[in-house]
Amino acid sequence: MWRGGSNTRTCKRRFFSSPTRSRHHRPPYICRLHSRGSQHLKAMAEVDHLAAERATARFDVEEMKVAWAGSRHAVHVADRMARLVASDPVFRKDNRTMLSRKELFKDTLRKAAHAWKRIVELRLTEEEADLLRQYVDQPGYVDLHWGMFVPAIKGQGTEEQQHKWLPLAYKFQIIGCYAQTELGHGSNVQGLETTATFDPKTDEFVIHSPTLTSSKWWPGGLGKASTHAVVYARLITEGKDYGIHGFIVQLRSLEDHSPLPGVTLGDIGGKFGSGAYNSMDNGVLRFDHVRIPRDQMLMRLSQVTREGKYVHSNVPKQLLYGTMVYVRQSIVADASKALSRAVCIAVRYSAVRKQFGSQDGGPETQVLNYKTQQSRLFPLLASAYAFRFVGDWLNWLYTDVTQKLEAKDFSTLQEAHACTAGLKAVTTSVTADAIEECRKLCGGHGYLNSSGLPELFAVYVPACTYEGDNVVLLLQVARILMKTVSQLASGKQPVGTMAYMGKVQYLMQCKSAVSSAEDWLNPDAIQEAFEARALRMAVNCAQNISQAASQEEAAGFYERSPDLLEAAVAHIQLIIVTKFIEKVHQEIPGHGVKEQLQALCNVYALYILHKHLGDFLATGCITPRQGALANEQLGKLYAQVRPNAVALVDAFNYTDHYLGSVLGRYDGDVYPALYEEAWKDPLNETVVPEGYHEYLRPLIKQQQLKLSRL
Ligand SMILES: CCCCCCCCCCCCCCCCCCCCC/C=C/C(=O)SCCNC(=O)CCNC(=O)[C@H](O)C(C)(C)COP(=O)(O)OP(=O)(O)OC[C@H]1O[C@@H](n2cnc3c(N)ncnc32)[C@H](O)[C@@H]1OP(=O)(O)O
Ligand SMILES: Cc1cc2nc3c(=O)[nH]c(=O)nc-3n(C[C@H](O)[C@H](O)[C@H](O)COP(=O)(O)OP(=O)(O)OC[C@H]3O[C@@H](n4cnc5c(N)ncnc54)[C@H](O)[C@@H]3O)c2cc1C
């Protein structure tokens, strides 16, 4: 029932079925020096400025690529798709931040059309097509069409409805978006105001926006591109409001793209940053009594009969939220991609950049050698790997839950909701902050658009808000935690990622046995500390809520919500640490690969412990001395990561095109690239700037005149 999204890692479905493939190779970087700006620089031969760094790696990078990507097949396909995109001039993106909004939007339409043409020509599989979409790396209507419109129909449409609408969507004969959020309500889905009133006389629903605040507001692809939408509206039949349901509504003519009668739509305007999410036409939509046939209500979960009777199938009504659950799990996988891109740029540049420390005219110190740089950067590197592995696990969980739902087993619905909501919230918040930290780690040059980091940040930050505001989602996790704690007394054994709570007697009083820094390398010591902290924080919250004198539970929850947020974060961090530990316990081939992952796993866990030391100490599961030992061990781990750092980011296997950063270039030759990039700015198109004769010259002349009068 949540057959919304396919697991693209395993899906081999071909859009078209011939095996013909073209091979593309990474073009060697040619340093094209700008004619005006760099006459004094000689064209340089290709040099690997990071070769010395790569030589110090103590593991097999090719095998680490496999561990990162998930399989040899995944490395191969990703490699092929990345090169295919990088070698195609239509997918150029280095000028993106200089385009006007209109140019950027047209460029997005062009890229999407070209991508589709290549997908058809090369007969790519769904897995390959999705990778191609990712490497094109420009948000656009196709994301919502494939990522939400199609999944909503698959998950909430009947067989008949799928049969009718999906072939049209698969061939782009219609373009769809997901129109849920309104001007007045986004987080509170039950508060949406758009109405869908059944008219038994004509066998139609009348879709209407009764107030300004009921205007649909934000849906991506709605503003300019979509012909159709899945619209969420209050279903009213026989005079009764049955709450939110999904409806397929045509918005624009399939002939000339003009809005259909009764439909008002447009783009909601420019967004944060240059380039970035401005390629997306987030839209506004109002309905004035628009009529659609009854069979365009998505009727898999509930139906309205010809006579207007409302019938709800015997399934949980939360299945209506299935599309959001699907996208939330894919957002976790995306977090590791965005974070690893930022970290790749910051690590490579930190290895190239030198400041201070020159002795007797010798070279200065690579900034990567500063312990402060390492203590800011290596936890982010470890987090990228942690998010990658927890993302893989979440993808598995989602697939598993989907299969269970198909068999009408709803027992894991709550687990899926808690994990997708919580992991979406934690990974996106950490990633957004980490991209900004990587910008600072790159010093002044990180602030240039050509570093790639400002745009990456601007395009990424809305992930903290869309698909559920992170605070709202963490409060959902907290509610489930409180429910689980309250059931412990009745002897009900928690399952899945909450199973550790079943060890309540032990975890509430255990004391860590760590007595040396090395003891923190023991995964059991880490696991126990994280479990004890998460459980004790949850139990403390539950006690405080119940003690909130004479208050109702909801009021107590409201009062304690800041603490509940922290308890939810602790629970989610435990999941991430657990999944990383489980990953490292698996058989991992390749010289030194397992050892590196082990080190990164320890960095991730001990960094969290160090950062949230207050939580661990307050709940009493570790002592201040044990906290200090964890920090001591962390320092040793950073030293262990240092010689491997560049190779660890090479293992992400990103092309220079995808990274889109002069600072993160594979060859580390950043200075000529920075220099060259500066000259491409439109301001440098003329030597004397436009406006000189109007504003600068008169000013200077006026001052000169004043001076000459003195
Ligand atoms: C050319 C190239 C072609 C390429 C071809 C490629 C092909 C490949 C295809 C793959 C493509 C993939 C692309 C993916 C890209 C995706 C891009 C995404 C971009 C993102 C754009 C953004 C979109 C949006 O933002 S959409 C709008 C999102 N909105 C929200 O998230 C709203 C948040 N609010 C809520 O979810 C709810 O209001 C909530 C949960 C806060 C409260 O709900 P409520 O109904 O009021 O309920 P409540 O009382 O709190 O809870 C009741 C009960 O229900 C349980 N619950 C809640 N939610 C769920 C759930 N989701 N699942 C299960 N259970 C749930 C809750 O726990 C309560 O339980 P009980 O306590 O037991 O009653
Ligand atoms: C780039 C982008 C793309 C989007 N794409 C789509 C799309 O394709 N389709 C679609 O339907 N929607 C889309 N959205 C809308 C998005 O899903 C909503 O903006 C999101 O769900 C947050 O809802 P809101 O805007 O109502 O925030 P609000 O809920 O108004 O949040 C405002 C503040 O209130 C706080 N808050 C709210 N409720 C609570 C609470 N119960 N307890 C404590 N604090 C609370 C929040 O934490 C936040 O700090 C998109 C949004 C963005 C930014």
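Residues numbered from 1 in each chain as written. Chains lettered and ligands numbered in written order. Predicted model: local features only at pLDDT ≥ 70, side-chain atom pairs only at ≥ 80, totals over all residues. Heavy atoms only, no water.

A. Quick look at the overall build of the protein chain. When helices and strands are counted, the protein chain shows 23 helices and 11 strands. Scaling as 2.2 N^0.38, a compact globule of 710 residues should have a C-alpha radius of gyration of about 27 Å, and the protein chain matches this with 28 Å. Principal-axis analysis of the C-alpha atoms places the extent of the protein chain at approximately 90 × 70 × 70 Å. Relative to its full complement of 710 residues, the protein chain shows a buried share of 55%. When the 81 positive and 73 negative side-chain charges of the protein chain are each reduced to one mean point, those points stand 2 Å apart. (Helix = DSSP H or I, 4+ residues; strand = E, 2+ residues; numbered from the N terminus. Rg over C-alpha atoms; globule rule 2.2 N^0.38 Å. Buried < 20%, exposed > 50% of the residue type's maximum accessible area, 1.4 Å probe, protein only. Lys, Arg positive; Asp, Glu negative; His and termini not counted. Charge placed at Lys NZ, Arg CZ, Asp CG, Glu CD.)

B. Region of the structure containing the site of ligand 2. Contacts to ligand 2 come from 20 residues, most closely from Tyr-178, Thr-181, Ser-187, Gly-220 and Asp-469. Here a nitrogen atom of ligand 2 sits 2.9 Å away from a polar atom, N or O, in the main chain of Tyr-178. In this structure, Gln-180 approaches ligand 2 through a main-chain N or O atom, which is 3.1 Å from an oxygen atom. Considering ligand 2 on its own, with 970 Å² of exposed area, one finds that the protein chains cover 63% of that surface. (Near = heavy atom within 4 Å. Polar contact = N/O pair within 3.5 Å; in protein donor to acceptor, adjacent residues only side chain to side chain. Areas by Shrake-Rupley, 256 points an atom, 1.4 Å probe, with all protein chains shown as cover.)

C. Highlighting the nonpolar core. If you look at the biggest cluster of nonpolar residues, it comprises 188 residues, and the most contacted ones within it are Leu-381, Tyr-385, Trp-520 and Leu-597. With 18 residues, helix H8 (residues 322–352) is the largest single contributor of residues to this core. If we skip the residues at most four places from it in the chain, Leu-381 touches Val-343, Leu-600, Val-641, Leu-648, Val-649 and Phe-652. Phe-205, Leu-222, Ala-229 and Tyr-310 belong to the second-largest nonpolar core, a separate cluster that totals 24 residues. (Core = buried A, V, L, I, M, F, W, Y, C linked by side-chain atoms within 4.5 Å. Contact = heavy atoms within 4.5 Å.)

D. Highlighting the state of the cysteines. Scanning the entire structure with this criterion turns up zero disulfides. The structure places no disulfide on Cys-621, whose sulfur is separated from the nearest cysteine sulfur, that of Cys-510, by 6.6 Å. (Disulfide = S-S within 2.5 Å.)

E. View of the UniProt feature "active site" (unreviewed entry) in the protein chain. In the UniProt entry, the feature "active site" (unreviewed entry) is given for Glu-467. Residue classification places Glu-467 among the buried positions, given a relative accessible area of 12%. Aside from chain neighbours lying at most four places away, what touches Glu-467 is Met-148, Met-324, Val-327, Arg-328, Ile-331, Lys-424 and Leu-473. (UniProt positions renumbered as here; feature names shortened; annotations may be inferred.)

F. Geometry of helix H14 (residues 523–547). Here H14 contains 25 residues, and its C-alpha end-to-end distance of 36 Å stays within 8% of the 36 Å for a straight helix at 1.5 Å per residue. Most of H14 sits out of view: 19 of its 25 residues are buried. For H14, the N-terminal capping position is held by Asn-522, with its side-chain oxygen 2.9 Å away from the main-chain nitrogen of Asp-524. (Expected span 1.5 Å × (residues − 1).)

G. Geometry of the site of ligand 1. Close to ligand 1 lie 34 residues, the nearest being Ser-187, Tyr-321, Glu-467, Gln-476 and Lys-483. Between Gln-180 and ligand 1, the recorded distance is 3.3 Å, taken from a side-chain N or O atom to a nitrogen atom. A distance of 3.3 Å separates an oxygen atom of ligand 1 from a polar side-chain atom of Gln-190. Here ligand 1, which alone exposes 1600 Å², has 84% of that area covered by the protein. Elements that contribute at least two residues to the shell around ligand 1 include exactly helix H4 (101–121), helix H5 (126–136), helix H6 (141–156), H8 and helix H12 (470–488). In terms of residue class, the shell around ligand 1 is made up of 17 nonpolar, 10 polar and seven charged. Both of domain 2 (171–315) and domain 3 (322–495 + 518–649) provide at least three residues apiece to the shell around ligand 1. (Nonpolar A, V, L, I, M, F, W, Y, C, P; charged D, E, K, R; others polar. Domains from an automatic or database assignment.)

H. The packing of H8 against helix H10 (residues 413–441), seen in detail. It is at 8 Å that the axes of H8 and H10 come closest, and there the two elements cross at 20 degrees. Considered as vectors, H8 and H10 are oriented roughly parallel to each other. Read as a crossing pair, H8 and H10 show a hand that is left-handed. On H10, the residues touching Val-325, Arg-328, Gln-329, Ile-331, Val-332, Ala-335, Ala-338, Leu-339, Ala-342, Val-343, Ala-346 and Ser-350 of H8 are His-417, Thr-420, Ala-421, Leu-423, Lys-424, Thr-427, Thr-428, Thr-431, Ala-434, Ile-435, Cys-438 and Leu-441. Taken together, the residues that form the contact of H8 with H10 break down as 15 nonpolar, seven polar and two charged. (Axes fitted to C-alpha atoms, helices over the stretch in contact; angles between N-to-C directions. Parallel < 35°, antiparallel > 145°, perpendicular 65-115°, else oblique. Left-handed = near helix turned anticlockwise from the far one by under 90°.)

I. Main features of the UniProt feature "domain: Acyl-CoA oxidase C-alpha1" (unreviewed entry) in the protein chain. What UniProt calls "domain: Acyl-CoA oxidase C-alpha1" (unreviewed entry) maps, in this numbering, to residues 321–482. Helix makes up 72% of residues 321–482 and strand 0%. Its end C-alpha atoms lie 22 Å apart.

J. Broad picture of the pairing of strand S5 (residues 228–237). With nine of 10 residues buried, S5 is to be regarded as a mostly interior element. Two elements, strand S1 (residues 176–179) and S5, share four bridges in a ladder whose sense is parallel. Residue pairing in the sheet places Tyr-178 in a bridge with Val-230 of S5. One ladder, built from three bridges, connects strand S2 (residues 195–199) with S5; its direction is parallel. When the bridges of S5 are listed, Ala-196 appears paired with Leu-235. Summarising the sheet, S5 and strand S6 (residues 240–250) pair through nine bridges and their orientation is antiparallel. Paired with Val-231 across the strands is Phe-247, a residue of S6. Between the antiparallel neighbours S5 and S6 lie two residues, among them Glu-238 with a positive phi of about 50 degrees. (Pairing = 2+ DSSP bridges.)

K. Structural detail: the pattern of salt bridges. One pass over the structure, following the stated rule, counts 41 salt bridges. Of the charged contacts, one joins Asp-203 and Arg-306 as a salt bridge, the two residues approaching to 3.7 Å between their closest N and O atoms. Of this pair, Asp-203 sits in the loop between S2 and strand S3 (204–208) while Arg-306 sits in the loop between strand S10 (302–304) and strand S11 (310–312), and the two are 103 residues apart along the sequence. (Salt bridge = Lys/Arg side-chain N within 4 Å of Asp/Glu carboxyl O.)

L. Spatial organisation of a nonpolar patch on the surface. Residues Leu-696, Leu-699 and Ile-700 make up a contiguous nonpolar surface patch of roughly 250 Å² in combined accessible area. Mapping Leu-699 onto the fold places it in helix H23 (residues 692–709). In this structure Leu-699 comes out as partly exposed when scored by relative accessible area, which is 45%. (Patch = residues over 30% accessible without salt bridge, like charges linked within 9 Å, V, L, I, M, F, W, Y side chains within 5 Å.)

M. The sheet that holds strand S4 (residues 216–217), seen in detail. Overall, antiparallel pairing links the three strands, which are arranged S4-S8-S7 in an open sheet. In the strand order of this sheet, the two ends are held by S4 and strand S7 (263–267), each with one partner.

N. Highlighting the packing of aromatic side chains. Tallied over the full model, the rule gives 24 aromatic pairs. Their ring planes at 35 degrees and their centres at 6.1 Å tell us that Trp-116 and Trp-146 sit as a pair that is tilted. Here the residue Trp-116 occupies a position in helix H4, and Trp-146 occupies one in helix H6, the gap between them amounting to 30 residues. By relative accessible area, which is 18% here, Trp-116 ends up buried. One aromatic cluster is present, built from ring pairs that chain together Trp-68, Tyr-135, Tyr-385, Phe-389, Phe-580, Phe-652, Tyr-654 and Tyr-658. Between the NZ or CZ atom of Arg-54 and the centre of the ring of Tyr-666, over which it lies, the distance is 3.7 Å. (Phe/Tyr/Trp six-rings, centres within 6.5 Å; stacked < 30°, edge-to-face > 60°. Lys NZ or Arg CZ within 6 Å of the ring centre and 35° of its normal.)

O. Molecular detail of the environment of Thr-264. Turning to its location among the elements, Thr-264 is positioned in strand S7. What makes Thr-264 exposed here is its relative accessible area of 52%. For the pair Thr-264 and Leu-285, spaced 21 residues apart in sequence, the C-alpha to C-alpha distance is 5.6 Å. Once residues lying within four places of it in the same chain are set aside, the contact partners of Thr-264 are Val-284, Leu-285 and Arg-286.

P. Inspection of the side chain of Thr-428 at higher detail. Residue position: Thr-428 is located in helix H10. Of note is the side chain of Thr-428, whose polar atom sits 2.9 Å from the side chain of Asn-470. Ignoring any residue separated from it by four or fewer positions in sequence, one finds Thr-428 in contact with Ile-331, Leu-423, Tyr-460, Ala-463, Cys-464 and Asn-470.

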